[in-house]
Amino acid sequence: MTKHKRNHDRVFNASRVVYYEPNDWASGESIFRCQSLLRDFRARSIVDINDAIEYAQCKKVVEGYPKAFELEEHVSLLENKARASSEAFAFANQSITRSGISALFEDVESQYLDQLWDLLEESNALKRIDNDDFHAFISSHPYLLRTFLQRENIRRLFSASLATVTLDNPLISAEVIISESGARSDNSHRIQLPKELSSGQIDAIMTDYLNSESANLNYVHVLANWPQAANKHYSPSAKTRVLAKRRERELTDELFSETSGFEYGVGVSFDPNQEACLDIKGKLREPVFSFSSRWLSDYYDPATILNNFVFVFQFVSQHGLLCMPANPRLVSTLMKVIGLQAKDEYGVHDHMFFINNSRCLAITAGYSSLLNSCETSIESSIEWFYNSYVNETFHVDGFSIALPQATASFFEKCKSIGPEIERVVKAFTLLVEDNAVDHDLFPFMTFTDFGHIPSFAENKYAFPGKAFESFTFSLFSDQSLLTAPPNIEHNHEYAFDCFVKQNLILSDFYDFQQAEIERLVNLGLLCEDSEGYFKPTFAAALLKKVWLEGALTPYRLPNDVCIEIDKLVGKDCLQYSKSLFAPHEADYMNFMYNNKRFSNSQALRNKYDHASGAIDDPNNSSYINDYYLLLNLLICITLKINDELARRNHIWPELDLIDRPLTGDNWKSL
């Protein structure tokens, strides 16, 4: 084998064996290279540390891909694997004793910088490293802190040195601690901090980092939204959190003042000349949702006002799902890896989250203004629903609500609407559980999670189960290995679409892709049509709906569709919930309303339950914005409760448009 001379520019040897997890595109090359190396293995084949690492990697490849070595002619390869790994381990021990860790590290090729430590751990060569040698090494290579803090054996042997270097390098260690302890990550190798470090010392590290010119907005954002789940590793002090919040605002302002960025927006208009109730105008990136103010001003009885949020404003889909929740599956893998998110942060990074929430907020504010000119309001319609309609139509006693007066300041409105939301939620919960609303029970009820509000429907929602990712990844992920068959020129967002639009047979795919296609056939997600082409099944189409919308609503679907959903539930691909909100809807409601689940929550209820700062103007724009957000939450709750009670009583709401089209031509062409 070729021995590379030591120099300051590390060699990257692309031909070396590197172990990759199954389903990685690069795994095939490593398997072939591994087979070749083991076939030609002879005693003393290991010349330098990179050879030793490569044979240790071969061991992992054989163990990770056993089927690639099951053929009879590969028996000798398995025997050589044992000899090769044994020699690699011996070489590692001899090299550490002879050269020390600093000299050995300089000889490592760049593709093996992480794999070196695997070899030293597996071979027990770590124990041969002198403490002073390691301290000198880590002091001159502090960027390796992350690697070492992830490895239990290294932490145990050299804890004191790691603690010292962590304190001496706050710009490096702060980012390691934040990203590894507080940020969301698929990495299963999490760090543990040296036991010698106190919380006060870590706070000092964070303070130095936040006050430095090198502070990165991504890391500052996570620290400012520190998740509760990370407190067991490190719990920032109140002063550290406040400093992080302020630094985040500073860095955000600097970012947008220095770059034009990517501009997009949402508009809402109420057009007196528009015939259709709903239409859309503007550019793709700056849509304007246009509504007929003639229709909205002519018909403003309470029932029509509430129905408008369903049929005209489309706060819910035709399947009864809220439009506002974020969908992390619509965010590309590239966007997910750009920047950092806190572990329990609510993902607000998909474009449609911005579009839908901005649209709904502007609609409610604009519609409130329009109704005010008609001497009525959204609030009075909601009061009519709970105080009169529920009893008169559904014969249910016990619901009541008292929303703030129009003359109240927006600050007072924000303070008073929260308890009314909880009054409604408690009443509905008791109605479902006891078939009656007993007000005397209210003081003994606590409300902390929208996901715990029950439903009359037994299997109201079907949402992702334990096996969902296994079923759907290859068909819908942008990282699927099936998206691009070798001889197909067209690009498809999903492999599902590729199978729908192209006529594909098994030989159109590589060997490793064929195995995945056969798995999907066995799962019932692909089948061959009458001409022998692979096409998605009806079950796959149902899963696409879940992927895009977060859930299915079996209580609204025909029996034959529910049978297919039952089958997917039986395979743990989907699961049922008996709750007022689908799980992804409940997450959104919790994100907006309280801080029980998410580190970056809006927590509007908590914000006005506790003193959260000085009040300069009780009608400033932030209070106006917060009030309409809270009103939107109450609207969503009301629409869901009405749907439950109507279906329980076999009443199907409709919107009488009185010879007026619901949607305009632009909307119909979408």
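Definitions and limits used
For every chain, the first residue of the written sequence is number 1, and numbering continues from 1 along that sequence. Given that this is a predicted model, residues contribute local features only at a pLDDT of at least 70 and side-chain atom pairs are listed and counted only at 80 or more, while totals for whole chains, interfaces and linings are drawn from all residues. Computation of side-chain values covers all heavy atoms of the structure but excludes hydrogens and water. Helix and strand assignments follow DSSP, with helices taken as H or I runs no shorter than four residues and strands as E runs no shorter than two, numbered in order from the N terminus. Here's how the labels work: a residue is buried when its accessible area is under 20% of the maximum for its type, exposed when over 50%, partly exposed in between, all with a 1.4 Å probe on protein chains only. Any pair of residues with heavy atoms lying within 4.5 Å of one another is described as a contacting pair. Residue-level accessible areas treat just the shown protein chains as cover; the underlying method is Shrake-Rupley with a 1.4 Å probe. The charge count includes Lys and Arg as positive and Asp and Glu as negative, but it does not include His or the ends of the chains. Where a charge lies is defined by one atom per residue type, namely NZ (Lys), CZ (Arg), CG (Asp) and CD (Glu). A pair of strands is considered paired only if DSSP assigns at least 2 bridges between the two. Structural elements are reduced to axes, namely lines fitted to C-alpha atoms, with helices fitted over the stretch in contact, and the angle between N-to-C directions of any two is expressed from 0 to 180 degrees. Computed over the protein atoms alone on a 1 Å grid, cavities are sets of points where a 1.4 Å probe fits but cannot get out and pockets are open sets with protein on both sides within 12 Å along at least five of seven lines; a residue lines them when it has an atom within 4 Å of a point. Grid points are joined across faces, edges and corners, and a volume is the space filled by probe spheres set on the points. For this scheme, ten residues count as nonpolar: Ala, Val, Leu, Ile, Met, Phe, Trp, Tyr, Cys and Pro. Four count as charged, namely Asp, Glu, Lys and Arg, and the remainder, Gly too, count as polar. Two cysteine sulfur atoms form a disulfide, by the criterion used here, when they sit within 2.5 Å. In the sections that follow, a salt bridge refers to a side-chain nitrogen of Lys or Arg positioned within 4 Å of a carboxyl oxygen of Asp or Glu.

Outline the overall build of the protein chain, listing residues and values.
Along the protein chain, the regular secondary structure elements total 26 helices and seven strands. Overall, the C-alpha framework of the protein chain stretches about 90 × 70 × 50 Å when taken along its three principal axes. Within the protein chain, buried positions represent 49% of all 670 residues. For the protein chain, long-range pairs separated by at least 24 residues make up 69% of all intrachain contacts whose partners lie at least 6 apart in sequence. Total accessible area on the protein chain stands at roughly 33,000 Å², and carbon and sulfur atoms take up 49% of it. Each charge sign in the protein chain was given a centre, from 63 positive and 91 negative side chains, and these centres are 5 Å apart.

Tell me about the sheet that holds strand S3 (residues 287–292), and please be specific about residues and values.
The three strands lie next to each other as S1-S3-S2, forming an open sheet whose pairing is mixed. Among the strands making up the open sheet, the edge pair consists of strand S1 (267–271) and strand S2 (278–282). Neighbour to neighbour, the strand axes of the sheet diverge by 30° on average, direction disregarded. Bridge analysis of S1 against S3 gives five bridges, and the strand direction is parallel. Counterpart to Val268 in the pairing with S3 is Phe289.

Describe the layout of surface pockets, listing the residues and the values that go with them.
Taken as a whole, the second largest pocket encloses approximately 390 Å³ of empty space. Taken together, 16 residues form the lining of the second largest pocket, with Asn372, Ser377, Glu379, Ala406 and Lys413 sitting closest to its centre. Every element with two or more residues in the lining of the second largest pocket is listed here: helix H15 (351–373), helix H16 (378–394) and helix H17 (410–434). It is H16 that provides the largest number of residues to the lining of the second largest pocket, a total of four residues. In terms of residue class, the lining of the second largest pocket is built from six nonpolar, seven polar and three charged.

Help me get a handle on the state of the cysteines, residues and values and all.
One pass over the full model with this rule turns up zero disulfides. This cysteine, Cys58, is not joined by any disulfide, and Cys34 carries the nearest cysteine sulfur, 3.7 Å off.

Describe the pattern of salt bridges, with residues and values.
For the coordinates displayed, the defined rule picks out 28 salt bridges. Put simply, Glu422 and Arg605 hold a salt bridge, and the shortest N to O gap is 2.9 Å. One end of the pair, Glu422, is in helix H17; the other, Arg605, is in helix H24 (residues 604–609), and 183 residues separate them in sequence. Relative accessible area serves as the criterion here: at 15%, Glu422 is assigned to the buried category. Taking the relative accessible area as the measure of exposure, Arg605 reaches 13% and is therefore buried. Three or more residues are tied together by salt bridges with common partners; here these are Arg16, Arg33, Asp51, Glu54 and Glu109.

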